[in-house]
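Each chain, written out:
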Protein chains: 2
Amino acid sequence: MAQGPTITTIAKRAGVSIASVSRVLNGLPTRQDTVSKVMAAAEELGYVRNAVARSLKSSRTHQVAFAMADVGNPAYLAMLREIQPVLKAAGYRLVLHSTGADVADEIGVLHSLGERYVDGLIMVPLRVTDAHLRMLAAARAPVVVIGSVPEGTPVDNVRADSRTGVRLALDHLHALGRRRVGLVNGPPDTVPGAARGAGYVEALAALGLPYDKELVEIGDFYRADGRRAVAALLDRRPDIDALMCANDLIALGALDVLRAAGRRVPQDVAVVGMDDTDLAAASWPSLTSVSLGSAERGRAAAELLLDRLEDGDVAPRLVTVPPRLEVRASTAGEQAPPTGDADRPGADGAGA
Amino acid sequence: MAQGPTITTIAKRAGVSIASVSRVLNGLPTRQDTVSKVMAAAEELGYVRNAVARSLKSSRTHQVAFAMADVGNPAYLAMLREIQPVLKAAGYRLVLHSTGADVADEIGVLHSLGERYVDGLIMVPLRVTDAHLRMLAAARAPVVVIGSVPEGTPVDNVRADSRTGVRLALDHLHALGRRRVGLVNGPPDTVPGAARGAGYVEALAALGLPYDKELVEIGDFYRADGRRAVAALLDRRPDIDALMCANDLIALGALDVLRAAGRRVPQDVAVVGMDDTDLAAASWPSLTSVSLGSAERGRAAAELLLDRLEDGDVAPRLVTVPPRLEVRASTAGEQAPPTGDADRPGADGAGA
DNA sequence: TTGTACGCGTTATCAC
DNA sequence: GTGATAACGCGTACAA
């Protein structure tokens, strides 16, 4: 933990001024022997530029923040996996904020932009409150929101389209001959819950199927909630032949209950999840799931932000990422040969 | 994106000196009406302290870096999930480095400590090369290594114990009456591969079982490798009655093949994975897995680092986290009632 | 109690 | 080409 040398140290050692040192270090035109003297001194002393001092001078930190509710959430993780390399390639470091589903904390992150420790922010808000909108309007650095913000909000915006996603799933189920398709949704007062519920209603209408309240069950977005909800549904409507689940965890809970009840998947009941997380490919039967393009949204957000950091004067942009249906065994009949979707590295290197 | 006010701005506005502003902002004893004037001005202007300038002055960034090979890897993620809140509670931001299994990149991270953009680093090296050891010895900020470093390396060290972990698994299988336990390992030239192979040999000896080369198969740490390896094993030794897999992905591959071959799990063949990732609880049957305590290691590392940041003069410390066996359906017979291990939030908030 | 002045390490603008 | 010197925003001796 040796004390770090500064350009002053080097200047003395090389017998030149700090200005010359700076010039050499920045590749500005300099006489050859000055260059060599400086380089030699820098080498000997193990000089490394102080990023903090440069930032103070340049008011550029080369850091970007990514804020979301929970690092452990697979959907956010998928974004992170894409964001990280894009930023890195552009020479930016990534500062991670996990706000723990706390709205006040999210506002805090927005506020902290004033501290100027990052050049920009990518955030995935849980909800977009008035406080959010005020802070976004007054943000001290460029912000890209993954989610939906009202038109006119002065930030770049990347959206998924879960309504269409639900539509894709229901079309698929309909094509397979399923006519009594239940919905296991999350809370309708969350953005995703609302969108998925609306998508379900729309899709039914488009397919000419009646909307049947008894086929809809609400819970939270966790596996245990899925179990509870599906148990209730089966009880109420034993003739149900398909389940649209608002995310993969709920769908896993559905599989648990169907298995316990002796219903075959997909022969008796087809199951569709949402988000297409790693869990979908790992489960048995593997889970057909609607991908909302988390990875694509992450990449798009990173690119929008980088673009704006280079040229801040473009108008706010909106990118919508289309959903995609990943068909697997839980609707497709035979277990498709495992595709290796979940084939990411395990703990190699992380153990001992 | 209004231009940020500085203490100078506030000083003018409040009609006092910048020193007084600083004093008020830092809670130093100040006359009451000065306090009010300054607070009022700060409020009106929406003042926020410039973190970069403070860092330059205090040579403290309140940032800590976490470097590992791949954010997408569940084992690293488990660490991250624990590290993040610990750092946050202590007022530190988290800078994420995903080195992509590139040794040169890891060295680069170590080198970049000289830029002083973080106060410390937690790293999980893939391998520990001589270059690593040199850089660690010369590191310009405190480093905690998760993995194993040679004695005498001047850094805090947090280790797992996968040998004992394998031992736990084999004891369990032995107690269940299994006597022909195969090993599906990763490359023996990786640290985890070597340790797990050694653990297998040791455990067999301790149990009085013969070591049978035919029961061992080597591949990489991915699901497809697991499938390949287990197919070969079944072919060679149809009488095999248990499989110790070097990680959970391999184990998932094993389940794929066993299912296709009509072997019941666990009745015909018991399967044990390693790392106890979310996938273990999500799979069917759910997977008995050896937890190497990724979460605990992450937390321990964060605490060691924070401790050292407060008092840098303690001697290098070594923490070893014991493994734990998570027994689930792939060895336990009946499907245990789902435990909710995988009950983490889904995409709520991440969609649209 | 308050203000002046300096330093943290860099970059950049001047005269020389 | 090079060397003083002035910022960047903040904290803090020191003097008043």
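The rules behind these values
- Residues numbered from 1 in each chain as written.
- Chains lettered and ligands numbered in written order.
- Predicted model: local features only at pLDDT ≥ 70, side-chain atom pairs only at ≥ 80, totals over all residues.
- Heavy atoms only, no water.
- Helix = DSSP H or I, 4+ residues; strand = E, 2+ residues; numbered from the N terminus.
- Rg over C-alpha atoms; globule rule 2.2 N^0.38 Å.
- Buried < 20%, exposed > 50% of the residue type's maximum accessible area, 1.4 Å probe, protein only.
- Contact = heavy atoms within 4.5 Å.
- Areas by Shrake-Rupley, 256 points an atom, 1.4 Å probe, with all protein chains shown as cover.
- Lys, Arg positive; Asp, Glu negative; His and termini not counted.
- Charge placed at Lys NZ, Arg CZ, Asp CG, Glu CD.
- UniProt positions renumbered as here; feature names shortened; annotations may be inferred.
- Least-squares fit on C-alpha atoms with pLDDT ≥ 70 in both.
- Near = heavy atom within 4 Å.
- Polar contact = N/O pair within 3.5 Å; in protein donor to acceptor, adjacent residues only side chain to side chain.
- Nonpolar A, V, L, I, M, F, W, Y, C, P; charged D, E, K, R; others polar.
- Pairing = 2+ DSSP bridges.
- Axes fitted to C-alpha atoms, helices over the stretch in contact; angles between N-to-C directions.
- 1 Å grid on protein atoms, 1.4 Å probe; cavity = no way out; pocket = protein on both sides within 12 Å on 5 of 7 lines; lining within 4 Å.
- Points joined across faces, edges and corners; volume = space filled by probe spheres on them.
- Parallel < 35°, antiparallel > 145°, perpendicular 65-115°, else oblique.
- Phe/Tyr/Trp six-rings, centres within 6.5 Å; stacked < 30°, edge-to-face > 60°.
- Buried area = accessible area lost by both parts, 1.4 Å probe.
- Salt bridge = Lys/Arg side-chain N within 4 Å of Asp/Glu carboxyl O.
- Core = buried A, V, L, I, M, F, W, Y, C linked by side-chain atoms within 4.5 Å.

Within chain A one finds 14 helices and 12 strands. A compact globule built from 352 residues would reach a C-alpha radius of gyration of about 20 Å, whereas chain A, at 26 Å, exceeds it by more than 25%. Each of the three principal axes of chain A carries a C-alpha extent, and together these read 90 × 50 × 30 Å. In chain A, which comprises 352 residues, the proportion classed as buried is 54%. Contacts spanning at least 24 positions in sequence make up 68% of the contacts within chain A whose residues lie at least 6 apart. Carbon and sulfur atoms make up 53% of the accessible area of chain A, which totals about 13900 Å². Positive and negative charge centroids in chain A, built from 39 and 42 side chains respectively, lie 5 Å apart.

Turning our eyes to something else, we now look at the UniProt feature "domain: HTH lacI-type" (unreviewed entry) in chain A. In the numbering used here, UniProt assigns the feature "domain: HTH lacI-type" (unreviewed entry) to residues 5-58 of chain A. For residues 5-58 of chain A, the end-to-end C-alpha separation is 21 Å, with 70% helix and 0% strand making up the annotated structure.

Turning to the relation of the copies chain B and chain A, a few remarks are in order. Least-squares fitting of chain B to chain A yields an RMSD of 0.3 Å, with the transformation described by 0.2 Å of translation along the axis and a rotation of 180°. Expressed as an axis order, the relation between the two copies is that of a two-fold axis. Interface residue correspondence from chain B to chain A reaches 100%, placing this contact among same-surface, isologous pairings.

Within the structure, DNA strand D sits among 22 residues, and Ser20, Arg23 and Thr34 of chain A together with Ile7 and Tyr47 of chain B are positioned closest to it. Counted by atom, the contact set of DNA strand D within 4 Å of the protein is 59% sugar and phosphate. At 3.1 Å from a phosphate oxygen of DNA strand D is found a side-chain nitrogen or oxygen belonging to Ser17 of chain A. Between Tyr47 of chain B and DNA strand D, the recorded distance is 2.5 Å, taken from a side-chain N or O atom to a phosphate oxygen. For the surface near DNA strand D, the elements supplying multiple residues, two or more each, are helix H2 (18-25) and helix H4 (51-58) of chain A together with helix H2 (18-25) and helix H4 (51-58) of chain B. At four residues, the largest contribution of residues to the surface near DNA strand D is made by H2 of chain A. The residue makeup of the surface near DNA strand D, split by class, is nine nonpolar, eight polar and five charged.

Attention shifts here to the sheet that holds strand E10 (residues 288-291) of chain A. All names here are of chain A. Ordered in space as E7-E6-E8-E9-E10-E12, the six strands form an open sheet in which the pairing is mixed. Both outer strands of the open sheet, strand E7 (216-218) and strand E12 (324-326), are each paired with one neighbouring strand and no more. Recorded for the sheet is a direction-independent mean angle of 20° between the axes of neighbouring strands. Where strand E9 (residues 270-274) meets E10, three bridges bridge the pair, whose relative direction is parallel. Bridging from a neighbouring strand, Val272 pairs with Thr288 of E10. Against the sheet, helix H8 (residues 162-175) engages strand E6 (181-185), strand E8 (242-245), E9, E10 and E12, with an angle of about 165° to E9.

Attention now moves to empty space enclosed by the protein. According to the stated counting rule, one finds five cavities of 30 Å³ or more in the structure shown. Considering only enclosed or pocket space, the largest cavity measures out at about 150 Å³ in volume. Those elements giving two or more residues to the lining of the largest cavity turn out to be H4 of chain A together with H4 of chain B. Of the residues contributing to the lining of the largest cavity, the split by class is six nonpolar, six polar and two charged.

All names here are of chain A. Interhelical geometry of helix H6 (residues 103-112) versus helix H7 (residues 130-137) gives an angle of 5° and a closest axis separation of 10 Å. One way to sum up the angle between H6 and H7 is to call them roughly parallel. Here Val103, Glu106, Ile107, Leu110 and His111 of H6 come into contact with H7, specifically with Ala131, His132, Met135 and Leu136. Counted by class, the contact of H6 with H7 contains six nonpolar, two polar and one charged residues.

Once that is clear, we can look at the packing of aromatic side chains. All names here are of chain A. Scanning the model with the defined rule gives two aromatic pairs over all chains in all. Aromatic pair Tyr200 and Tyr211: ring centres 6.2 Å apart, planes at 75°, arrangement edge-to-face. Here the residue Tyr200 occupies a position in helix H9 (residues 191-207), and Tyr211 occupies one in the loop between H9 and E7, the gap between them amounting to 11 residues. You can call Tyr200 buried: its relative accessible area is 1%.

Turning our attention to the protein's contact with DNA strand C. What surrounds DNA strand C is a group of 23 residues, the closest being Ile7, Tyr47 and Lys57 of chain A together with Ser20 and Thr34 of chain B. Measuring from a phosphate oxygen of DNA strand C, one finds a side-chain N or O atom of Ser22 of chain A at 3.3 Å. When contributions to the surface near DNA strand C are tallied by element, the ones reaching two or more residues are H2 and H4 of chain A together with H2 and H4 of chain B. For the surface near DNA strand C, the element with the most residues is H2 of chain B, which contributes four residues.

Attention shifts here to the interface of chain B and chain A. Listed as interface residues are 88 residues of chain B and, on the opposing side, 90 residues of chain A. Together, the buried faces of chain B and chain A total about 7400 Å²; carbon and sulfur atoms form 58% of this surface. At the boundary of chain B and chain A, one finds four salt bridges. A salt bridge links Glu115 of chain A to Arg93 of chain B, with the shortest nitrogen-to-oxygen separation between them at 3.5 Å. Inspection of the region where chain B meets chain A yields 15 residue pairs in polar contact (both at pLDDT 80 or more). Those elements giving two or more residues to the side of chain B that touches chain A turn out to be H4, helix H5 (74-89), strand E2 (93-98), helix H6 (103-112), helix H9 (191-207), helix H10 (223-236), helix H11 (248-260) and helix H12 (278-282) of chain B. For the side of chain B that touches chain A, the class distribution of residues is 47 nonpolar, 21 polar and 20 charged. Pairing of strand E2 (residues 93-98) of chain A with E2 of chain B involves three bridges; the strand directions are antiparallel.

Our focus in this paragraph is the nonpolar core. One finds Leu243, Met244 and Val271 of chain A together with Leu243, Met244 and Val271 of chain B to be the most contacted residues of the largest nonpolar core, which totals 90 residues. Counting 58 residues, the second-largest nonpolar core is a separate cluster that includes Ile83 and Leu304 of chain A together with Phe66 and Val321 of chain B.

Bringing the pattern of salt bridges into the picture now. Enumeration over the complete set of coordinates arrives at 50 salt bridges over all chains. Between Arg308 of chain A and Asp156 of chain A there is a salt bridge, with the nearest N and O atoms lying 2.6 Å from each other. Of this pair, Arg308 of chain A sits in helix H13 (residues 294-310) while Asp156 of chain A is found in strand E5 (residues 156-159), placing the two residues 152 residues apart along the sequence. By relative accessible area, which is 10% here, Arg308 of chain A ends up buried. Between Arg223 of chain B and Asp256 of chain B there is a salt bridge, with the nearest N and O atoms lying 3.0 Å from each other. Of this pair, Arg223 of chain B sits in helix H10 while Asp256 of chain B sits in helix H11; the two residues are 33 residues apart in sequence, bridging distant segments of the chain. Each member of the pair Arg223 of chain B and Asp256 of chain B is classed as buried.

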